[in-house]
Every structure is written in C-alpha cells, then in structure tokens.
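Summary of structural features
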Amino acid sequence: MAAVQGAVLSVLVVTVPAVAAFVATSADPVNAELGWTRAAVVGLVLWLLGHGGAASVAGTTVTLVPLGLTLLVLFTTYASARRSMAPARSAWVAGIVTYTTLVVTAIVLTGPSGPWGAGPAMTSRAVVGGALVGAVGLGAGAPARGSLRELTRRWWEPVPRWVRAACGAGGVLAVTLLGVGGALTVVWVLAGRAPAGDVLTALDLDALGGGVLAVGQLLLLPNLVLWAVAWVAGPGFAVGAGTVYSPSEVLTGPLPALPLLGALPAQVPDVAMWAPVLVVVAGALAGRWLSLALVRERPWHTAAACGTAAAVAGLVTGVAVLAAGGAAGPGRLAEVGAPAVHTGLAVAGLGLVGLVLLALPTDRLLRAWVVGALTRRRGG
C-alpha cells in the first residue's frame, strides 16, 4: 500500500497539470483531434522519465532525466512509507516489487510514446530505475525499527570498519561538492537575471504557460546543480553538440528557449582557474571527518581509507552526473550534460589530495610506524 500511495501521488502531480493544460487549450482548433487521455499519457511519459525512462517525440528519443521529478518521487514514496509501511524487511521487498510492477504497467500504457518506443535498452533502464527509486524511497521512509540502515544491515555489517568509515567520508565529499554546485548555481542565476528576463519576455507566456515553464525549470534545476559540480571539478559540461562550459573555456551556441539556461556563464571568469581547488577543500573536510570516524587497527588503514573514500566520491559523482545528462531533443540537443568518467576521475584525484592532507598527518599509529621504520633503518 505504501508503494501504491507513493506512485499514485507522484503520477497525479505530473498528470493533473497535463490534463489541466489540455482543458485550458481544448478550444484551439489545433487540438480538436486530441483527447484528454493523450494528455494523461504525456504525464505518464514524464513520470517515467523521472525514473530513467525515455520519451519518443516525433521520431526523436528524449533521455534527459528531470532529476527534480526523481526527487519528488523519492519524497512521495518516503512519505508514504513513513505513514503506512510495516517495519519489516519483507514489507520493504514487497513494496519494491509492487512499485516496479506499477512502473512496468505505466510503460505498457504509454506504448510507443514512452520507453517501449525507444527500444529494449530504455525499457530496461526504466524498470531498473523504478526498482531503485522504490527501494531507496521506501527504505529511507521505513519506520525507525525498519530503517534503511537496519533493513540492509546484513549486507554491510560484515564489511571491515575502516571500509565503512571510508565510504562515509566519500559520501561527505560528494555531498559537500553538491553543496558547492548548488551555491555556484545560485551565483549563476543571480548573475544571469538579465538574459533570463529577456528570454522570458520574448516567450510572452500567459499565466498557464508561465506556470508550466516554471515547473519544468524546477524539475531541471538539480541537473544544473550537477553540471555546476562538473564545472568546478574541471571537465565542465555541454548544452548541445559543440558547446563547452568549463573553467578553462566557454564555447556557446544556440540554446533552447529556457530562462534557466540564460544563467549559464557566457565567458570564463578570472577566478575560474581556481575552481578545482574547491574540490581539494571538500576533500580536506572529508579527511577531517575520516580522521574522527576511523578506528585505526593497522598503520595502513588511514591511507587505504583515503584512497577508498576518493574512489567512492568519484564513483558517486560520476553516476550522478551521468544521470543528469542525456538527449534533450533532435540534432545538437542529442548531447546535453557533463562527461561522467572525466568528472568522476577529477573528483577522485583532487579529493584524494585533500583527504591525504588532513587525514594522514593526524594518524598517530601511522606516525609511530614511520618513526619506528626509520629508526630501524638507521640502526641497521
């Protein structure tokens, strides 16, 4: 029931505005042959996009995931689990199966307009994405006795303590970078108020159109935050083939008529060359957290934990950046987002520098081992 509630609520959030937009424009002769069911299908396709699905529009496949919608779905499943899910692993598994079944049902209902029309790969991605969203949302919202930590205890408890601490430090590094990306996005939006206002004026939207545009931009805002993370790390991102937004260069091109994109930097700021230093600082913060959380049992534990934390942060960031990109339309818009592999490697490398600078000097066990090794060498 928790899975059904979470899915239905999130579906209504996207389908009701779509049907309302159809009703408001039903008098237009262009829409004379369209029914309200078509608007409902559009809402379902958008809902599936939030799970990693795809949309087939006029022969073009759209794969860009609106991560704001993904966060909304996670919230509805979380809230539903908090309200009605039993604190048991069996209930969690049942919820995942139920939620995945609902995603498959939506894929069938959307037919060629949704992931089904984009091919088996996109269909499989939507199903897997639905299972992951259901698992995380329902698990995070499970009652205290059945929290996600407790539900997965049998899987992570056998893992050595230093590895668990390293994974925590990697999470701290990734979350810190997410905060940096959010702050940079705010700076971009404030600095780009004039271009964004020009785009909005040129669109000349009514109240309904303005509301739809605002919601659409909010759904894409987390994507922009992750692109900002890639910008800080160095590789940057693209909004269309042949474009580059990075601390070292900016190559612009025609952009979709979204006021949010008017906030993108039109040139390289003077301080941009220092942007990757922020990743080192984030790594230093994670290193401080690691030095407090790590239980050292061997001299090599701190060094190994630093490497593991950097790898975890790079992997998490790379996967998140990969999810934030995709095809947003035909032609040039088939390439939107940041290079996931390059961004992950940059975060891992720069973050490792900060981790080592803060974590290694505070390890007394490692210092004692080094001093002992040097003493034995001199004595020999």
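Residues numbered from 1 in each chain as written. Predicted model: local features only at pLDDT ≥ 70, side-chain atom pairs only at ≥ 80, totals over all residues. Heavy atoms only, no water.

Moving on, we come to the packing of aromatic side chains. Counting across every chain of the model gives five aromatic pairs. Ring geometry for Trp47 and Tyr99: centres 6.2 Å apart, planes at 50 degrees, overall tilted. With Trp47 in helix H2 (residues 36-49) and Tyr99 in helix H4 (residues 89-110), this pair connects stretches of sequence that are 52 residues apart. The buried category is assigned to Tyr99, whose relative accessible area is 0%. (Phe/Tyr/Trp six-rings, centres within 6.5 Å; stacked < 30°, edge-to-face > 60°. Helix = DSSP H or I, 4+ residues; strand = E, 2+ residues; numbered from the N terminus. Buried < 20%, exposed > 50% of the residue type's maximum accessible area, 1.4 Å probe, protein only.)

Another point: the layout of surface pockets. Rolled over the atoms, a probe as big as a water molecule pinpoints where empty space is left. One number sums up the size of the second largest pocket: a volume of about 990 Å³. As for the second largest pocket, its lining consists of 31 residues, and the residues nearest its centre are Leu67, Thr70, Val319, Ala320 and Ala323. Mapped onto the lining of the second largest pocket, the elements with two or more residues apiece are helix H3 (67-84), helix H6 (120-140), helix H9 (161-191), helix H11 (207-233) and helix H13 (301-323). Grouping the constituent residues of the lining of the second largest pocket by class yields 21 nonpolar, nine polar and one charged. (1 Å grid on protein atoms, 1.4 Å probe; cavity = no way out; pocket = protein on both sides within 12 Å on 5 of 7 lines; lining within 4 Å. Points joined across faces, edges and corners; volume = space filled by probe spheres on them. Nonpolar A, V, L, I, M, F, W, Y, C, P; charged D, E, K, R; others polar.)

Turning our eyes to something else, we now look at the side chain of Thr77. Relative to the elements of secondary structure, Thr77 occurs in helix H3. Given a relative accessible area of 0%, Thr77 falls into the buried group. Every residue in contact with Thr77, bar those within four places of it in the chain, is listed here: Gly6, Tyr99, Val133, Gly137 and Leu138. (Contact = heavy atoms within 4.5 Å.)

If you check H3, its first and last C-alpha atoms are 26 Å apart, about what 18 residues at 1.5 Å a residue would give, namely 26 Å. Of all the positions in H3, only Leu67, Gly68, Leu69, Thr70, Val73, Thr76, Thr77, Ser80 and Ala81 are classed as buried. (Expected span 1.5 Å × (residues − 1).)

Structurally, Gly111 can be placed in the loop between H4 and helix H5 (115-118). Sequence-wise, Gly111 and Val45 are 66 residues apart; in three dimensions their C-alpha atoms are separated by 9.4 Å. Once you skip the residues sitting within four places of it in the chain, Gly111 turns out to touch Trp116 and Gly117.

Within the largest apolar cluster, 49 residues are counted, with the highest numbers of intra-cluster contacts made by Trp188, Trp231, Phe237 and Leu290. Elements that contribute at least two residues to this core include exactly H9, H11, helix H12 (277-293), H13 and helix H14 (340-359). Excluding anything up to four places from it in sequence, Trp188 contacts Leu224, Ala228, Trp231, Phe237, Ala263 and Pro265. Ranked by size, the runner-up nonpolar core spans 25 residues in total, among them Val73, Trp92, Ile107 and Leu219. (Core = buried A, V, L, I, M, F, W, Y, C linked by side-chain atoms within 4.5 Å.)

Side chains of Val271, Met273, Trp274, Val277, Val281 and Leu285 sit close together on the surface and give an oily, nonpolar patch of about 650 Å² of accessible area. By the secondary structure assignment, Leu285 is in helix H12. Relative accessible area serves as the criterion here: at 49%, Leu285 is assigned to the partly exposed category. (Patch = residues over 30% accessible without salt bridge, like charges linked within 9 Å, V, L, I, M, F, W, Y side chains within 5 Å. Areas by Shrake-Rupley, 256 points an atom, 1.4 Å probe, with all protein chains shown as cover. Salt bridge = Lys/Arg side-chain N within 4 Å of Asp/Glu carboxyl O.)

Time to look at the packing of H12 against H14. Interhelical geometry of H12 versus H14 gives an angle of 45 degrees and a closest axis separation of 6 Å. Classified by the angle their axes make, H12 and H14 are oblique. Crossing of H12 against H14: the hand is right-handed. Counting all contacts with H12, which are made through Val279, Val280, Gly283, Ala284, Ala286, Gly287, Arg288 and Leu290, the residues of H14 involved are Val347, Leu350, Gly351, Val353, Gly354, Leu355, Leu358 and Ala359. Per-class residue counts for the contact of H12 with H14 are eleven nonpolar, four polar and one charged. (Axes fitted to C-alpha atoms, helices over the stretch in contact; angles between N-to-C directions. Parallel < 35°, antiparallel > 145°, perpendicular 65-115°, else oblique. Left-handed = near helix turned anticlockwise from the far one by under 90°.)

Looking now at H13. Here H13 spans 32 Å end to end across 23 residues, near enough to the 33 Å set by a 1.5 Å rise per residue. Along H13, the residues classified as buried are His301, Thr302, Ala305, Cys306, Ala309, Ala310, Ala313, Gly314, Thr317, Gly318 and Val321.

To continue, consider the environment of Trp162. By the secondary structure assignment, Trp162 is in helix H9. Placed 139 residues apart in sequence, Trp162 and His301 show a C-alpha to C-alpha distance of 6.6 Å. Sequence-distant contacts of Trp162, that is, excluding residues within four places in its chain, are made with Leu294, Trp300, His301, Ala304, Ala305 and Thr308.

Here we come to the side chain of Ser113. With respect to the secondary-structure elements, Ser113 resides in the loop between H4 and H5. A residue is classified by how much of its surface remains accessible, and Ser113, at 13% relative accessible area, is buried. Setting aside residues no more than four positions away along its own chain, Ser113 makes contact with Arg38, Val41, Val45, Ala54, Ala55 and Ser56.

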